[in-house]
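# Structural description and commentary
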Amino acid sequence: MQGQDGERDGRGAGNGGEPRTGAPTGTPAGASTRAPDAEPRRGRPRSAAAERAILDAVIALLEAGEPLAGLSIERIARTAGVGKATIYRRWSGKEELFVDVVRDMEPDDPPVSGTEGLADLRVMLESLRTRGLAQRSSVLLHNIFAQMKSHPKLWNEYHDTAIAPRRAAMLEAVRRAVAAGELRDDLDVELIDDLFVGPMLVRTAHRPDAPLPDDLADRIITTLLEGLAPAARV
């Protein structure tokens, strides 16, 4: 039975919608990322096909050169072939929708054990590296991030729903590593976290020409554990 907005009532059949970056799939423990068939905040069950059409419509408009600031819910709905109500049942406004578009284009967060310390930290550092690679390889994703940073409300939404949960997860991994005796227990855990994340952020965000080799996460962890002081002379 078709509703007025073209969405099938109470059904979630869709095409799955692979991310355009060709990223691997996976869901981290305790992740806040919403699954395509999850229950909506309100209203009837969401349609995966309608959601996929909406995300693809935003991406198509951005690929055509439309700036984020110039996109309206009306234009997105018309391009997706759905009603505005279909969009508002899933997202409270443009900012929340745009964040999901970005997250759809980024590689998925990998699963972590939630019980390991350094092992989980290594997985999350590697995820940060692969997101940096994705942004470098996608002109569209790079431009979206540049536009997001010029819109405080949009950037704050992305920070609160994507960056902050990832930082919280890394802090918990550091705490587990400290509790397991893998890291010193006489240092502030936020400082320890910054020491691990900082080098990767410099490479991925502040030095777009810097290499991002496959073993970068391991090298960062090994260097920090071994320290930078020269070996003691006998």
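Please refer to the structure higher up on the page.
I will try to describe carefully the structure that is included in this document. Note that the structure is a prediction, hence the values are computed from the model and not measured.

Per the secondary structure count, the protein includes 9 helices and 0 strands. Secondary structure of the protein in N-to-C order comes out as α-α-α-α-α-α-α-α-α. Buried residues in the protein amount to 39% of all 234 residues. Residue pairs in contact within the protein that sit at least 24 positions apart in sequence constitute 67% of those at least 6 positions apart.

Let us look at the packing of aromatic side chains. Per the stated rule, a full pass over the model turns up 3 aromatic pairs. Seen from their ring centres, Phe145 and Trp155 are 6.4 Å apart, and the 70 degrees between their planes marks the pair as edge-to-face. Taken together, the residues span a long stretch of sequence, with Phe145 in helix H6 (residues 139–148) and Trp155 in helix H7 (residues 152–179) at a distance of 10 residues. For Phe145, a relative accessible area of 6% gives the class buried. With centroids separated by 5.6 Å and ring planes inclined at 35 degrees, the aromatic side chains of Trp155 and Tyr158 adopt a geometry described as tilted. With Trp155 and Tyr158 both in helix H7 and 3 residues apart, the pair spans about one turn of that helix.

Compared with an ideal rise of 1.5 Å per residue, which puts 12 residues at 16 Å, helix H4 (residues 94–105) spans 17 Å between its outermost C-alpha atoms and is within 8% of the ideal. With 10 of 12 residues buried, H4 lies mostly within the body of the structure. Buried-residue contacts for H4 involve helix H1 (48–63), helix H2 (73–80), helix H3 (84–88), H6 and H7.

Turning to the nonpolar core, a few remarks are in order. One recurring pattern in soluble globular proteins: nonpolar side chains tend to sit buried together. Counting 31 residues, the largest nonpolar core has Ile54, Val58, Ile76, Ile87, Leu97, Phe98 and Ile144 as the members making the most contacts within it. Elements represented by at least two residues in this core include exactly H1, H2, H4, H6 and H7. By residue number, the principal contributor to this core is H1, which donates 7 residues. The residues contacting Phe98, other than those within four sequence positions of it, are Val58, Leu68, Leu71, Ile76 and Leu154.

Every buried residue of H2 is listed here: Ile73, Ile76, Ala77 and Ala80. Buried residues of H2 fall within an arc of 100 degrees about the axis and therefore sit on the same side. Backbone geometry just after H2 places Gly81 at a positive phi near 75 degrees.

Conventions adopted
Residues numbered from 1 in each chain as written. Predicted model: local features only at pLDDT ≥ 70, side-chain atom pairs only at ≥ 80, totals over all residues. Heavy atoms only, no water. Helix = DSSP H or I, 4+ residues; strand = E, 2+ residues; numbered from the N terminus. Buried < 20%, exposed > 50% of the residue type's maximum accessible area, 1.4 Å probe, protein only. Contact = heavy atoms within 4.5 Å. Phe/Tyr/Trp six-rings, centres within 6.5 Å; stacked < 30°, edge-to-face > 60°. Expected span 1.5 Å × (residues − 1). Core = buried A, V, L, I, M, F, W, Y, C linked by side-chain atoms within 4.5 Å. Arc of directions from axis to C-beta.

The quantities given are spatial measurements derived from coordinates; they are silent on function.
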